[in-house]
Amino acid sequence: MSTPSSKPVYQLSPDAVLEQAHSTPTGLTSAEANARLSQNGTNTLTVLKGESWVRKYLRQYQDWMILLLLASGATAAYLGDLRTAIVLGALVLFNTAIGFFQEYRAEKTMQALEKLVQPLAEVYRDGALTEIESRDLVVGDVIRMTEGDSIPADARLIELTAFSTNDFALTGESDPTYKFIQEIDGTVPVANRHNLAYMGTTVAIGEAYGVVVATGMNTELGRIANLSQSAPRGESPLQRELRHIATYVTYGVAFLSIILLFVAEQIHLPFKDALLFAVGFASSLVPQGLPAEVNTSLAQAAGKLSRARALVKKLSAVETLGSTQIICTDKTGTLTKNEMTVVSALIGGIPYSVAGTGYEPAGNIAADSESPLTPEDVREFFKVGLLASNAKVVAPDATSAKWYCLGDPTEGALVTVAVKAGLPLEGLDGKVHEIRELPFDSSRKRMTSLRQLATDRVSAFIKGAPEAVLERATHIQDGRVVRPITDEDRKAFLEAHTARANEALRNIAFATRALPEDVAMNGDVDAIESGLTLVGMVSMIDPLREAVPEAMQAAHRAHIKVNIVTGDFAPTALAIARQAGLAPEGKELTVISGEQLAGMSDAAVLQQTVMGGTIFSRVSPEDKMRIVELVRKAGHVIAVTGDGINDAPALKRADIGVAMGVTGTDVAKQASEVVLLDDSFSTLVSAIREGRTIFANIRKGVLSAFTSNMAELFVNMSSLILAAVISAPLAINVLQILAIDLLAEFFPIAALGWDKEQGELMRQAPRSTKEHILNFKSIMDLLWCGVVMGGLAIANYLLFYSRHGVDPSQATEALIYSATTMTYTTVVICQFVSIIQRRSINGFFDRYQFSNKYFWSAMALSMTIVLSIAYVPAVSYFFKSGPLGWIDWLYILAAAAIFLAVREVQRLIVKGMKKPVVETI
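Rules of the game
Residue positions are given per chain, counted from 1 along the sequence in the order it is written. Given that the model is predicted, a residue must reach a pLDDT of at least 70 before its local features are reported, and side-chain atom pairs must reach 80 or more before they are shown or counted; all residues, however, enter totals for whole chains, interfaces and linings. As a convention, hydrogens and water are excluded, and side-chain values are obtained from all of the structure's heavy atoms. Starting at the N terminus, helices and strands are each numbered in turn, a helix being any DSSP run of H or I of at least four residues and a strand any DSSP run of E of at least two. For the exposure calls, accessible area comes from a 1.4 Å probe over protein chains only, and a residue counts as buried if that area is under 20% of its type's maximum, exposed if over 50%, partly exposed in between. What makes two residues a contact is simply this: any of their non-hydrogen atoms within 4.5 Å. Computed by Shrake-Rupley with a 1.4 Å probe, the accessible areas treat only the displayed protein chains as cover when residues are assessed. The term salt bridge refers to a pairing of a side-chain nitrogen on Lys or Arg with a carboxyl oxygen on Asp or Glu at a separation within 4 Å. Among buried residues, those of type Ala, Val, Leu, Ile, Met, Phe, Trp, Tyr and Cys that are joined through side-chain atoms within 4.5 Å constitute a nonpolar core. A helix's residues, less one, multiplied by 1.5 Å, set its expected span. All axes here are fitted lines through C-alpha atoms, helices being fitted over the stretch that makes contact, and every angle between N-to-C directions spans 0 to 180 degrees. Whether a crossing is left-handed or right-handed is set by the direction in which the near helix is turned from the far one by less than a right angle, anticlockwise for left-handed and clockwise for right-handed. Residues are grouped as follows: Ala, Val, Leu, Ile, Met, Phe, Trp, Tyr, Cys and Pro are nonpolar; Asp, Glu, Lys and Arg are charged; all remaining types, including Gly, are polar. Here a strand pair is declared whenever DSSP counts at least two bridges between the two strands. Orientation labels follow simple angle bins: below 35 degrees gives roughly parallel, above 145 gives roughly antiparallel, 65 to 115 gives roughly perpendicular, and whatever is left gives oblique. Regarding the arc, it is the one traced by the directions from the helix axis to the C-beta atoms. Patches draw on residues past 30% relative accessible area with no salt bridge. Two like charges within 9 Å are joined, as are two nonpolar side chains (Val, Leu, Ile, Met, Phe, Trp, Tyr) within 5 Å. Between rings of Phe, Tyr and Trp, where Trp is taken as its six-membered ring, a pair exists when centres lie within 6.5 Å; planes separated by under 30 degrees are stacked, by over 60 edge-to-face, and by other angles tilted. For the purposes of these results, a polar contact is taken to be a pair of N or O atoms within 3.5 Å, where, inside protein, one atom must be able to donate a hydrogen and its partner to accept one; residues adjacent in sequence count only when each atom of the pair is a side-chain atom. pLDDT expresses how confident the predictor is about each individual residue, on a scale running from 0 to 100.

(A) Seen up close, the overall build of the protein. Each helix and strand in the protein was counted, giving 33 helices and 27 strands. Counting every position in the protein, which comprises 921 residues, the buried fraction comes to 55%. Look at the contacts in the protein between residues 6 or more apart in sequence, and 73% of them connect residues 24 or more apart. Within the structure as shown, the protein displays about 38300 Å² of accessible surface, and the carbon and sulfur contribution to it stands at 59%.

Encoded structure:
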């Protein structure tokens, strides 16, 4: 933030900032404020214009398959075949509606950002402190901020008292940021501009006055909002795969249809019949029900994930999870709980361990070895921290499902551990009156509370940075004895502090002092904070989530590379990474700071990210975006997790953005595609497993759908030859082809989405984005299946006429209808066999076939539809079908048995040709 003619405001003194803003310590006049408001606009976040719902819907027609179906329907309507045209038109509307309703999401990111700005602000106008709507703030206003307030605009601090803010949502730093008013030399990143308070953050403790230096979209929050809005959302791997399939199918259909239309003309087929044949041929190649089948599978998987605490906002995100190759995870709130917790203490030189996590006051406090201290001694120690803290911990209520902290999270941890030691939850303020407080500041690094314990005596309770408390100590508590402190004591205490700090523990030292009442009331800070008795130290950390190490190991086994991208400090992130097992055993962790990242080439950044086990610390939203962009451009599928405002741009740009549902900001949730309702990294890994399973099921569905299409293609081509050679009617009509794709096979293929994992999916490498479902191998297999299945159907079609002793060219309409039904039913029953056979890697005869009850219900429903088309008069009339006799069904079942035998022999041959895989460890 800077003004046109100056250095950034954090490099200026308070007086210089006021002068530059043409303001005073008592603010602006109302007239001047109104003039600036009219000139520069309100202090609000502008919503970028989104795509209209009409354009969103029309964009669904960019799909080649949809266009091909439209063309086929229009042709059928032109030729007078209204039934076919109606079915094709309804199919187009159905598929486009599914796509539209899945993609149509109002862009709520900006509205969520606006919720972070409090509606009212305390501001000086005309020399008096008053309350106004925060939207009416202008640059130059002087505002007052107190504990619990949400900061309404970016402000340069000019006066403060023990002031700190929770900047976690903006910078990713877990601890409150202590502020000061002095100018800063040189250029520093946002997280280190400690003389600024930012819109959207909150006040942890203290009070401050600041001059507004930026409003609305010019604030840091507005800049990130703009970055988030402008970040494009790319196609998911599944969308790219379906587009790949649609493109090649469309080209193939168009090319072959034109050729066959020409051939039909050459054999003197009437033009209308030739066009209808082309429509039928096009329909035979297009898997009309595939989009609906895929979306149905994704929807049920999304429901399963929701029950497993992962909310999927966009269906294609389910499969994208399974394709994930790289995870860039936030630290605070994702790997950790975002709840400061005291885990150990040094009481009178004796180490203690503290159980329990978070702000719930449950957990034991036990000495690590034999201790002379009594429970009362331990309570007296923790009383120091309790009496030197102003935070409160609150039991679960309507606003939170778990215990939470009001105030400074560090002080909340001290209150919690004091209650664990046996002190009252409501504190001691009513029993031990505070007569004076010396607030914490960044120069002293200490905070002192003066309490009246007796009529003539005041006790000082001090907490602060270990080195800052130690330098004022003259005595030390050794066990139950207080004695003068020695150089050896100082050295041992500092060594204990260093050892804990190297484990990313935040250490707070405690000290006490008895004071005469006159010194307590009138003495200065130096007089009071001297001659202290050092009683010990507590060590706290934002604890790792319990399930993270196991989930991290599962990610390693699945060949997924994991990195930490955080706004927090490197030592803290490194310690958490080690606890979490970020790098596989035997691999070293790499730490890269934001400053180092800025000097690295794109190739070097990409290499570190793709390798995994890298910690990017103190990074900005732009840094996160850069990492995501590099990985995506290199063709890797990347998932990004986060919960803060600063995470939103990267969440939106990633292949899969994963937000935390409990601790996450509304901004992060709106920018993401998946929300973890329990904030657990292990839930993300479970979602990846489900994603891999659903892709395996979609692959089975796609190949199954194209199997029948290849059979229909063979039947149509054979029909053309038969029409040319023996003047036989077409072996199957357009409506029957549509009935195969939309009615007979739709439900079983959609039910494949409920299939469970088969094989060791989470021990395989993520699928390559260059690997397609329709590749040379799968296309050859589909063609072979089409020849066998279609050949059996044509054989049954001709045998039907033979059994009835009728020349196909002389058959009646009723006999033709039954003959085409014979073709249709043979394809359908063989397709049922094909779907079952493709379900399991072990083929048709496998116990896995009984693992999905929905599949067999779907098969029963489909069989009912097949019988209805053959035997229900109204239905058979619509589809131009006819009844079949029991002899006909024997031929159909024989064809299905032949098809199954061919497929099973083929599977065994392919299995025998595969080389055994030897795993190396």
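Having seen the model, we can carry on.
(B) Seen up close, unusual backbone geometry. One non-glycine residue, Asp 126, adopts positive backbone phi at about 55°. By the secondary structure assignment, Asp 126 is in the loop between strand S1 (120–125) and strand S2 (128–133). For Ser 727, which is not glycine, the phi torsion reads 60° and is therefore positive. Of note, Ser 727 is situated in the loop between helix H26 (681–726) and helix H27 (734–744).

(C) Spatial organisation of the pattern of salt bridges. Under the defined criterion, the tally for this structure stands at 28 salt bridges. Here Arg 144 and Glu 207 are joined by a salt bridge, their closest N and O atoms 2.6 Å apart. Of this pair, Arg 144 sits in strand S3 (residues 142–146) while Glu 207 is found in strand S7 (residues 202–214), placing the two residues 63 residues apart along the sequence. You can call Arg 144 partly exposed: its relative accessible area is 22%.

(D) The arrangement of the nonpolar core in detail. Counting residues in hydrophobic clusters, the biggest one holds 61 residues, and the most contacted among them are Leu 738, Tyr 801, Tyr 824, Val 828, Cys 830, Phe 855 and Phe 899. Broken down by element, the residue count for this core peaks at 13 residues, all from helix H30 (residues 813–839). With sequence-adjacent residues up to four places away left out, Phe 899 is seen in contact with Cys 785, Val 788, Met 789, Leu 792, Cys 830, Val 833 and Ser 834. Leu 335, Val 674, Val 702 and Leu 782 belong to the second largest nonpolar core, which has 57 residues in total.

(E) Up close: helix H14 (residues 409–420). The terminal C-alpha atoms of H14, which comprises twelve residues, lie 17 Å apart, in line with the 16 Å expected from a rise of 1.5 Å per residue. Buried residues dominate H14, accounting for twelve of its twelve residues. Every buried residue belonging to H14 is among Pro 409, Thr 410, Glu 411, Gly 412, Ala 413, Leu 414, Val 415, Thr 416, Val 417, Ala 418, Val 419 and Lys 420, and all of these are buried. Looking one or two residues past H14, Gly 422 carries a phi angle of roughly 115°, positive in sign.

(F) Highlighting the packing of H30 against helix H33 (residues 886–913). Two elements in contact, H30 and H33, have axes whose closest approach is 9 Å; the angle formed by their N-to-C orientations is 35°. Where H30 crosses over H33, the handedness of that crossing is right-handed. Between H30 and H33, the residues in contact are Met 822, Thr 825, Thr 826, Ile 829, Cys 830, Val 833, Ser 834, Gln 837 and Arg 838 and Asp 888, Trp 889, Tyr 891, Ile 892, Ala 895, Ala 896, Phe 899, Leu 900, Arg 903, Glu 904 and Arg 907, respectively. In the contact of H30 with H33, the residues fall into eleven nonpolar, four polar and five charged.

(G) Inspection of the sheet that holds strand S24 (residues 614–617) at higher detail. Pairing in this open sheet of eight strands is mixed, and the strands run S8-S27-S26-S25-S9-S22-S24-S23 from one edge to the other. Of all strands in the sheet, those bounded by a partner on one side alone are strand S8 (310–312) and strand S23 (590–593). The sheet shows a mean angle of 20° between the axes of neighbouring strands, taken without regard to direction. With four bridges joining them, strand S9 (residues 326–329) and strand S22 (residues 561–565) adopt parallel strand pairing. Bridged to Thr 329 within S22 is Ile 564. Against the sheet, H26 engages S8, S9, S22, strand S25 (638–642), strand S26 (656–660) and strand S27 (674–676), with an angle of about 160° to S9.

(H) Region of interest: the packing of helix H13 (residues 375–387) against H14. Where H13 meets H14, the axes come as close as 8 Å, and the angle between the chain directions of the two elements is 150°. On the basis of their axis angle, the class for H13 and H14 is roughly antiparallel. Handedness of the crossing formed by H13 with H14: left-handed. In contact with Phe 382, Gly 385 and Leu 386 of H13, H14 contributes Leu 414, Val 415, Val 417 and Ala 418. Taken together, the residues that form the contact of H13 with H14 break down as six nonpolar, one polar and no charged.

(I) Expanded view of the pairing of S9. In S9, alternate side chains face the same way, and those of Ile 326 and Cys 328 on one face and Ile 327 and Thr 329 on the other are all buried. Looking at chain direction, S9 and S25 are connected through three bridges and run parallel. Opposite Cys 328, over in S25, you have Val 640 as the bridge partner.

(J) Representation of the environment of Val 213. With respect to the element layout, Val 213 can be found in strand S7. By relative accessible area, Val 213 is classed as buried at 17%.

(K) Geometry of helix H31 (residues 853–871). Helix length check: H31 (19 residues) gives 27 Å between terminal C-alpha atoms against 27 Å at 1.5 Å per residue, within 8%. Among all positions in H31, only Phe 855, Ala 858, Met 859, Ser 862, Ile 865, Val 866, Ile 869 and Ala 870 are buried. Seen end-on, H31 carries its buried residues on one side only, within an arc spanning 135°. Elements that come into contact with the buried residues of H31 comprise H27, helix H28 (746–751), H30 and helix H32 (873–879).

(L) Spotlight on a nonpolar patch on the surface. The grouping of Leu 799, Trp 886, Ile 887, Leu 890 and Tyr 891 at the surface amounts to a nonpolar patch, some 500 Å² of accessible area in total. At four residues, H33 tops the list of elements feeding residues into the nonpolar patch. Position of Leu 799 among the secondary structure elements: in helix H29 (residues 776–803). On the accessibility criterion, Leu 799 (35% relative accessible area) is partly exposed.

(M) Geometry of the packing of aromatic side chains. Counted under the stated rule, the structure contains ten aromatic pairs. Where Phe 800 meets Tyr 801, the ring centres are 6.3 Å apart and the plane angle is 75°; that geometry is what we call edge-to-face. There is no split in this pair, since Phe 800 and Tyr 801 are both buried. Here the aromatic rings of Phe 878 and Phe 879 are separated by 5.2 Å at their centres, their planes lie at 80°, and the arrangement is edge-to-face. You can call Phe 879 buried: its relative accessible area is 11%.

(N) The arrangement of the pairing of S3 in detail. Among the five residues of S3, four are classified as buried, and the element is accordingly described as predominantly covered. Where S3 meets S7, five bridges bridge the pair, whose relative direction is antiparallel. By the bridge assignment for S7, Val 142 is matched with Val 211.

(O) Representation of the environment of Gln 831 within the structure. Within the secondary structure, Gln 831 is located in helix H30. Counting along the chain gives 45 residues from Gln 831 to Gly 786, while the straight-line C-alpha distance between them is 10.0 Å. Among all residues touching Gln 831, those that are not within four sequence positions of it are Ser 704, Ala 705, Thr 707, Ser 708, Glu 745, Ile 749 and Met 789.

(P) Spotlight on the side chain of Ser 23. Looking at where Ser 23 falls in the secondary structure, it is placed in the loop between helix H1 (14–20) and helix H2 (30–40). Here the side chain of Ser 23 touches Gly 140 through a polar contact of 2.6 Å, landing on its backbone oxygen. Excluding its chain neighbours within four sequence positions, the residues that come into contact with Ser 23 are Leu 18, Leu 28, Gly 140 and Val 142.

(Q) Quick look at the confidence of the model for the protein. The predicted model of the protein has a mean per-residue pLDDT of 83, with 86% of residues at 70 or higher. Overall, residues 1–5 carries pLDDT values under 50, and its contacts beyond four positions in sequence, including any with other chains, amount to twelve contacts. Considering only residues more than four positions removed or in separate chains, one finds that residues 916–921, a stretch of pLDDT under 50, has zero contacts.

(R) Structural context of the environment of Ala 659. Tracing the sequence through the fold places Ala 659 in strand S26. Owing to a relative accessible area of 0%, Ala 659 belongs among the buried residues under this scheme. For Ala 659 and Ser 672, which are 13 residues apart along the polypeptide, the C-alpha to C-alpha distance reads 5.9 Å.

(S) Looking closely at the side chain of Ser 539. Within the secondary structure, Ser 539 is located in strand S21 (residues 532–541). Accessibility expressed as a relative area gives 0% for Ser 539, which makes it buried. The contacts of Ser 539, once residues within four sequence positions are left out, are Thr 341, Val 342, Val 343, Ser 344, Arg 500, Leu 505, Arg 506 and Asn 507.

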